[in-house]
Amino acid sequence: MSYRHLKYTIPPAIALTLLCRPLLSRTDLYKVAFLISIAVVSTIPWDSYLVRRKVWTYPPSAIIGPTLASIPAEEVFFFVIQTYNTTLLYLILNKPTFHPNYLTSSKCQQSSGTRLNAGQVILTSSIIAGGGLVWRGNEGTYLGLILVWAGPFALLLWTLSSQFLIALPYSSTVAPIVIPTLYLWLVDTLALRRGTWVIESGTKLGIHLWDGLEIEEAIFFLATNTLIVFGLVAFDHGLSILLTFPRLFPKVPELPSPVLLVQALLTDQSKYDSDRVGGIREAVARLKEKSRSFYLASSAFSGRLRIDLILL
């Protein structure tokens with residue numbers, strides 16, 4: 001498994017770091033550390049349970065030895081490196097994006113509310129279905145555990161930021177999910193064929209996305225990359241609210257605390273300055289039409305400074 005990291009996960013991390021380094025701000029580094037911390041803390045109990053239940057097993061020859069809560073060190077490192085790579089890709093693809101431009105006012109609540117409710121129904125149904133699979137046991141256990149673990153996180157993030165998420169361009173949301181997911185599907189196919197780890201036959205459905213890739217593994221990587229991007233979108237959503245409305249939040253630290261970000265996300269949209277939101281949208285549309293180079297160059301600035309430049 002160490003060989004897999006040396007060959008497949010660390011090289012992309014190095015390439016993304018070199019590409020992203022000139023563009024990274026302190027806030028970006030904070031996002032990276034924030035997402036990795038959440039990913040590790042939230043995944044360890046779940047993964048430990050899978051290992052103890054022997055849903056996953058690792059041949060002794062495939063691991064170097066040290067474990068954390070029964071999880072091999074290489075697997076713990078994977079939580080870190082996957083989150084790191086997906087987060088850097090998201091940051092690169094979102095650099096040109098001016099996130100305050102995608103805030104929605106209370107006037108847009110009705111149409112976006114329908115999508116919010118639909119997403120909540122789908123995610124809640126998947127959690128219930130996952131719970132049923134776990135309760136039944138046997139072949140559906142692994143898929144059920146994935147849905148029961150990932151579903152509540154996705155539901156929470158969707159409830160907080162679905163309107164903002166849907167408004168963003170696909171290049172900012174879909175691309176950083178799809179690209180690393182496809183890559184990890186290919187890497188996982190090679191790992192499973194080589195026996196780097198094994199999904200026990202009594203806990204899986206036996207359905208393959210393609211030869212060598214179990215459907216549960218495909219869903220796992222799609223789910224984890226989706227959670228990473230949803231988490232980053234929620235962070236940018238909260239930060240955009242903090243920066244856009246100085247009357248609501250007069251002082252915003254460069255590295256806002258999780259409590260402050262959640263406070264922003266829970267702010268009633270009726271309190272938003274609709275005229276300011278409209279002004280930002282008009283300014284962005286004008287800049288894109290008449291001076292796209294200035295609009296793109298403004299991404300070098302962060303915080304309220306970029307908003308002030310665009311509104312000039």
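Residues numbered from 1 in each chain as written. Predicted model: local features only at pLDDT ≥ 70, side-chain atom pairs only at ≥ 80, totals over all residues. Heavy atoms only, no water.

A.B. asks: Looking at this structure, I do not really get the pattern of salt bridges. What am I missing?
C.D. replies: Here the idea is simple: oppositely charged side chains can pair when their charged atoms come close. With the rule as written, the count across this model stands at five salt bridges. Note that Asp28 and Lys95 form a salt bridge whose closest N and O atoms lie 2.8 Å from each other. Linking Asp28 in helix H2 (residues 26-52) with Lys95 in the loop between helix H3 (73-94) and helix H4 (109-136), this pair joins segments that are 67 residues apart in sequence. According to the relative accessible area criterion, Asp28 is buried, its value standing at 5%. Between Lys31 and Asp236 there is a salt bridge, with its nearest N and O atoms 2.5 Å apart. (Salt bridge = Lys/Arg side-chain N within 4 Å of Asp/Glu carboxyl O. Helix = DSSP H or I, 4+ residues; strand = E, 2+ residues; numbered from the N terminus. Buried < 20%, exposed > 50% of the residue type's maximum accessible area, 1.4 Å probe, protein only.)

A.B. asks: Please explain the nonpolar core as it appears in this structure.
C.D. replies: The nonpolar side chains of a soluble globular protein tend to be buried with one another. Trp46, Leu50, Trp56, Tyr142, Phe220, Val233 and Ile241 are the most contacted members of the largest nonpolar core, which totals 75 residues. At 16 residues, helix H8 (residues 215-244) tops the list of elements feeding residues into this core. (Core = buried A, V, L, I, M, F, W, Y, C linked by side-chain atoms within 4.5 Å.)

A.B. asks: Explanation requested: H3 in the structure shown.
C.D. replies: Owing to its 3.6 residues per turn, the α-helix aligns residues three or four sequence positions apart on the same side. The terminal C-alpha atoms of H3, which comprises 22 residues, lie 32 Å apart, in line with the 32 Å expected from a rise of 1.5 Å per residue. When you tally the buried positions in H3, you get 17 out of 22 residues, the bulk of the element. (Expected span 1.5 Å × (residues − 1).)

A.B. asks: How should I be thinking about helix H7 (residues 175-194) in this particular structure?
C.D. replies: Between its terminal C-alpha atoms H7 stretches 29 Å, which fits the 28 Å expected from 20 residues at 1.5 Å a residue. Buried residues of H7: Pro176, Ile177, Pro180, Thr181, Leu184, Trp185, Val187, Asp188, Thr189, Ala191 and Leu192, and no others.

A.B. asks: What should I look at first to understand unusual backbone geometry in this one?
C.D. replies: Most peptide bonds adopt trans geometry, and most residues besides glycine take a negative phi value. Backbone geometry at Ser70 places phi at a positive 75°, although glycine is not the residue there. Relative to the helices and strands, Ser70 resides in the loop between strand E2 (67-68) and strand E3 (71-72). Positive phi, normally seen in glycine, also occurs at Asn138, with a value near 60°.

A.B. asks: How should the packing of H3 against H7 be read in this particular structure?
C.D. replies: The angle between the axes and the distance between the axes are what describe a pair of packed helices. It is the contact of H3 with H7, at a shortest axis distance of 9 Å, that shows an interaxial angle of 140°. Classified by the interaxial angle, the pair formed by H3 and H7 is oblique. Where H3 crosses over H7, the two elements pack in a sense that is right-handed. Only Ala175, Pro176, Ile179, Pro180 and Leu184 of H7 make contact with H3, whose side of the interface consists of Phe78, Gln82, Thr86, Leu89, Tyr90 and Leu93. Of the residues that constitute the contact of H3 with H7, the class distribution is nine nonpolar, two polar and no charged. (Axes fitted to C-alpha atoms, helices over the stretch in contact; angles between N-to-C directions. Parallel < 35°, antiparallel > 145°, perpendicular 65-115°, else oblique. Left-handed = near helix turned anticlockwise from the far one by under 90°. Contact = heavy atoms within 4.5 Å. Nonpolar A, V, L, I, M, F, W, Y, C, P; charged D, E, K, R; others polar.)

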